[in-house]
Amino acid sequence: MSSKSLRFLIWGGNGWIAGHLRGLLEKQGKEVRTTTVRMEDPAEVGRELQHVQPTHVLNCAGCTGRPNVDWCEDNKPETVRSNVIGTLNLADQCFQRGIHYTVFATGCIYQYDDAHPIGGPGYTEQDVPNFTGSFYSMTKGHVEPILKSYENCLVLRLRMPVSDDLHPRSFITKIISYEHVVDVPNSNTILHDLLPASILLAQHNETGVYNFTNPGAISHNEALGLFKEIVRPEFCWRNFSLEEQAKVIKAGRSNCALDAAKLVGKLREYGYSVPEVHEAYRRCFERMRAAGIQ
Ligand SMILES: NC(=O)c1ccc[n+]([C@@H]2O[C@H](COP(=O)([O-])OP(=O)(O)OC[C@H]3O[C@@H](n4cnc5c(N)ncnc54)[C@H](OP(=O)(O)O)[C@@H]3O)[C@@H](O)[C@H]2O)c1
């Protein structure tokens, strides 16, 4: 299929990542539509796909909870309706119509363990999820192996996404606003680097599961130190322990490193490279500074 005849349909059109993706596709001159139709409604989903006739669906819809994933602990049926029933309904309907389906999923389905300690090897796409400390993560971790059975499906596991604009949903914006912050290395997704890669993979009809992060892992203090150095010299923060954090949150939070080798190897085939996470943060903060964001 020539790139000209591609038509992208973004699900969850009013969301944060959806907005970034739409802007990027438009900038690339690609044909793109968005929708806010509820994913779990089979009739409405069918009507929308029939009406728009996309070649590619990019699913950025998901129940993430407001103000955060703690919401999902108290709203389990709503969370299942979106993250399980909706995500699978859309997969199935795209499959039946021969539409390529990309899911913006999460890598927050793992936690460090004896085989994957801090500083050790990251989790690969083959590893079975071992973090069910939050209901949000549990729903996502259960859906992924089922999604894999659809051969039109590309699953991109984002973690702690960071944008260049200090948007409230960006991981860095969250941690600079907390009274106290833990200090654990994690794999992160710098959207500037990874969103173009998602389009590249989708338009080439790649399928399967990918850890969708910059290579490497960065601790909260390292990221905050770079933020202070490059963006806001007067910035200060205070740490607390994971045990202290557990007292102020309802759901557990995943901490882990993902192995990005499969992603890096695939993108190399298309001549696209993703910077290591420390370098990626540095460049992200330099773009912020250049844009006058403080
Ligand atoms: N941001 C993160 O930290 C992060 C990290 C890893 C993965 N992800 C995943 O990436 C995806 C996008 O995240 P985001 O940060 O852009 O989230 P977001 O800003 O909360 O956007 C999600 C959008 O999905 C819509 N939505 C929820 N349930 C839906 C349903 N059943 N049918 C149709 N639309 C529905 C929401 O609309 P309503 O508000 O109207 O429900 C919202 O506009 C999510 O699946 C999320 O799990 C996010």
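That block above? That's the structure.
Every value quoted in this text rests on a predicted model; they were computed, and no experiment measured them.

A. View of unusual backbone geometry. At the junction of Arg66 and Pro67, the peptide bond is cis and its omega measures out at 5° in the coordinates. Assignment of secondary structure puts Pro67 in the loop between strand S3 (56-59) and helix H3 (70-74). Of note, Met160 is a non-glycine position whose phi angle comes to about 45°, a positive value. Here Met160 lies in the loop between strand S5 (153-158) and helix H6 (171-177). The exposure class assigned to Met160 is buried, which follows from its relative accessible area of 14%. If you check the backbone angles, Asn205 has positive phi at about 55° while not being a glycine. With respect to the helices and strands, the residue Asn205 is situated in the loop between helix H7 (191-203) and strand S6 (208-211). Residue classification places Asn205 among the partly exposed positions, given a relative accessible area of 44%.

B. View of the packing of helix H1 (residues 16-27) against H7. Between H1 and H7, the least distance of the axes is 10 Å, while the angle of their chain directions is 65°. In terms of their interaxial angle, H1 and H7 are classed as roughly perpendicular. H7 is crossed by H1, and the crossing has right-handed handedness. Here Trp16, Ile17, His20, Leu21, Leu24 and Leu25 of H1 lie close against H7, whose contacting residues are Leu191, Leu195, Pro196, Ser198 and Ile199. Residue composition of the contact of H1 with H7, by class: nine nonpolar, two polar and no charged.

C. Up close: the state of the cysteines. Per the counting criterion, the structure on display carries zero disulfides. As a non-bridged cysteine, Cys94 has Cys153 as the owner of its nearest cysteine sulfur, 8.9 Å distant. The class for Cys94 is buried, based on a relative accessible area of 0%.

D. Spatial organisation of the side chain of Gln93. Summarising the element assignment, Gln93 is placed in helix H4 (residues 76-97). For Gln93, a relative accessible area of 9% gives the class buried. Among the polar contacts listed, one links the side chain of Gln93 to the backbone nitrogen of Gly46, at a separation of 3.4 Å. If near-sequence neighbours (up to four positions away) are discounted, Gln93 is found in contact with Pro42, Val45, Gly46 and Leu49.

The rules behind these values
Residues numbered from 1 in each chain as written. Predicted model: local features only at pLDDT ≥ 70, side-chain atom pairs only at ≥ 80, totals over all residues. Heavy atoms only, no water. Helix = DSSP H or I, 4+ residues; strand = E, 2+ residues; numbered from the N terminus. Buried < 20%, exposed > 50% of the residue type's maximum accessible area, 1.4 Å probe, protein only. Axes fitted to C-alpha atoms, helices over the stretch in contact; angles between N-to-C directions. Parallel < 35°, antiparallel > 145°, perpendicular 65-115°, else oblique. Left-handed = near helix turned anticlockwise from the far one by under 90°. Contact = heavy atoms within 4.5 Å. Nonpolar A, V, L, I, M, F, W, Y, C, P; charged D, E, K, R; others polar. Disulfide = S-S within 2.5 Å. Polar contact = N/O pair within 3.5 Å; in protein donor to acceptor, adjacent residues only side chain to side chain.

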